[in-house]
Amino acid sequence: MKQHNNQINNNFQETKIHGNLSFPIELYNSKFSATDYDNVGCHWHQEIEFMLCLEGKMEVQVNEKIYLLEKDNAVFINSNKLHSANIIENSSSSWLAIVFDSKLIYGFENSYIKNKYIDPIIHSKKINSLLITDYQIIDLLKSINSFNKSNSNDKELTLIIMLLNLWNLIYEKLNSIGQNENDNFSNSTRIKIILDFIHENYQNKISITDISNHINLCKSECQRFFKKEIGVTIIEYLIKYRIEKSLNLLLSKKLTIKEIAYFVGFNRTSYFCETFKKYLSITPNDFIKKETKN
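Cut-off values and rules
Residues numbered from 1 in each chain as written. Predicted model: local features only at pLDDT ≥ 70, side-chain atom pairs only at ≥ 80, totals over all residues. Heavy atoms only, no water. Pairing = 2+ DSSP bridges. Helix = DSSP H or I, 4+ residues; strand = E, 2+ residues; numbered from the N terminus. Axes fitted to C-alpha atoms, helices over the stretch in contact; angles between N-to-C directions. Core = buried A, V, L, I, M, F, W, Y, C linked by side-chain atoms within 4.5 Å. Buried < 20%, exposed > 50% of the residue type's maximum accessible area, 1.4 Å probe, protein only. Contact = heavy atoms within 4.5 Å. 1 Å grid on protein atoms, 1.4 Å probe; cavity = no way out; pocket = protein on both sides within 12 Å on 5 of 7 lines; lining within 4 Å. Points joined across faces, edges and corners; volume = space filled by probe spheres on them. Nonpolar A, V, L, I, M, F, W, Y, C, P; charged D, E, K, R; others polar. Phe/Tyr/Trp six-rings, centres within 6.5 Å; stacked < 30°, edge-to-face > 60°. Lys NZ or Arg CZ within 6 Å of the ring centre and 35° of its normal.

Asks: Even after reading the chapter, I still don't get the sheet that holds strand β5 (residues 65-70), so can you show me in this structure?
Replies: Sheets are built from strands paired through backbone hydrogen bonds, the pairs being either parallel or antiparallel. The strand order across the open sheet formed by four strands is β2-β7-β4-β5, and the pairing between neighbours is antiparallel. Every interior strand has two partners, whereas the edge strands, β2 (39-43) and β5, have only one. Recorded for the sheet is a direction-independent mean angle of 20 degrees between the axes of neighbouring strands. Pairing between strand β4 (residues 57-62) and strand β7 (residues 83-87): five bridges, direction antiparallel. What sits directly across from V62, in β7, is H83.

Below, the structure is given as structure tokens:
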């Protein structure tokens, strides 16, 4: 048996970094062999993924839904959704996975593009995955794959343009699903208030009490609906956001690791380093060395 991914923690989160901080996208061309029980183990990651069957047949599962893919069928896999892939009927198959951070599309935190075209999709309770047979989208996935193998001088810029075209094609399909949700509007509004509060105050000491008082809601209810809507606890989101904000500071080399730890809201350098390694599977020092080589 051959498993195509092995960097998975105890919570089934994939810890592999797809691409790098400056260009977070990775394309994987792979095969399932008829002689081995090949599979992609059950896992999740914050990145968006498109999985395309190029030849043969394969099975892809996202949460509880199973897709049987044939040649030129693809699946959109939303952010933070549990998924896996397996061989079917002992038949060989080849496939493409395009995994990328939505930052490549929206650019910067709280941008208009993020708020209007990205967040309603990746935070939707109903949009877990989508079967894709539309020839325009399939052809574009193949074009992205082909262009990624080129040595063009404007490779990165062109790939971002192609991703924007891809999102433009699939957005209406996904958004129509999201618009049919029976989501509580007040919950969506409260989620935005909490996220804005975290984004504006992450450098300070923040407690659940601070957040619940800010939104005028009891702590237990505040935590319950946030976990239900976003998929992680408030504290997990806050810690992850602090780690994310530390990345550019680390690469700038203008501050020491100790100064960065305190700047993004950690009260101890050791806790920052420990948490950083937990989320990225690498120490801050090793992260700097790795990223500055690229």
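Alright, that's what it looks like, and here's the rest.
Asks: How should I be thinking about the nonpolar core in this particular structure?
Replies: Where a protein is soluble and globular, its nonpolar side chains tend to be buried together. In terms of nonpolar packing, the biggest core is built from 34 residues, with I194, I198, I211, F226, F272 and F276 touching the most fellow members. Elements represented by at least two residues in this core include exactly α5 (185-201), α6 (208-215), α7 (219-230), α8 (234-252), α9 (257-263), α10 (269-280) and α11 (284-293). Considering every element that reaches this core, the biggest residue donor is α8, with eight residues. For I194, the contacting residues outside a window of four places in its chain are I211, I215, C222, F225 and F226.

Asks: Which parts of the structure should I look at to understand the side chain of N78?
Replies: Counting through the fold element by element, N78 comes out in the loop between β6 (74-77) and β7. By relative accessible area, which is 1% here, N78 ends up buried.

Asks: So what exactly am I meant to see when it comes to empty space enclosed by the protein here?
Replies: One simple way to see leftover space: roll a probe sized like a water molecule over the atoms. Tallying each qualifying case throughout the model produces one cavity of 30 Å³ or more. In this structure, the largest cavity occupies an estimated 420 Å³ of space. Every residue lining the largest cavity is counted, 21 residues in all, and those nearest its centre are Q46, I122, H123, Y237 and E244. Elements with a minimum of two residues in the lining of the largest cavity: α1 (103-106), α2 (112-122) and α8. A per-element tally of the lining of the largest cavity places α8 first, with four residues. Residues that form the lining of the largest cavity fall into these classes: eight nonpolar, five polar and eight charged.

Asks: What am I meant to see in the pairing of β6 here?
Replies: Residues in a regular strand point their side chains to alternate faces of the sheet. Side chains A74 and F76 of β6 all project onto a buried face; the interleaved residues V75 and I77 project onto the opposite face, where all are buried too. Summarising the sheet, strand β3 (residues 48-55) and β6 pair through four bridges and their orientation is antiparallel. For F50, the partnering residue across the bridge sits in β6 and is F76.

Asks: Looking at this structure, how should I read the packing of aromatic side chains?
Replies: Taken as a whole and judged by the stated rule, the model has twelve aromatic pairs. Consider the rings of F276 and F287, whose centres lie 5.6 Å apart with planes at 70 degrees: the pair is edge-to-face. Highlighted residues: F276 in helix α10 and F287 in helix α11, separated in sequence by eleven residues. The exposure classification of F276 matches that of F287, with both residues buried. One aromatic cluster is present, built from ring pairs that chain together F266, Y271, F272, F276 and F287. Sitting above the plane of the Y106 ring, K114 keeps its charged end 5.5 Å from the centroid.

Asks: What's the story with the layout of surface pockets in this structure? I'm lost.
Replies: If you add up the space inside the largest pocket, you get close to 790 Å³. Forming the boundary of the largest pocket are 30 residues, of which Q46, D101, K103, E244 and L247 lie nearest the centre. If you list the elements that add at least two residues to the lining of the largest pocket, you get α1, α8, α10 and α11. Broken down by element, the lining of the largest pocket gets its largest block of residues, six residues, from α8. Of the residues that constitute the lining of the largest pocket, the class distribution is eleven nonpolar, nine polar and ten charged.

Geometric values such as these leave the question of function open.
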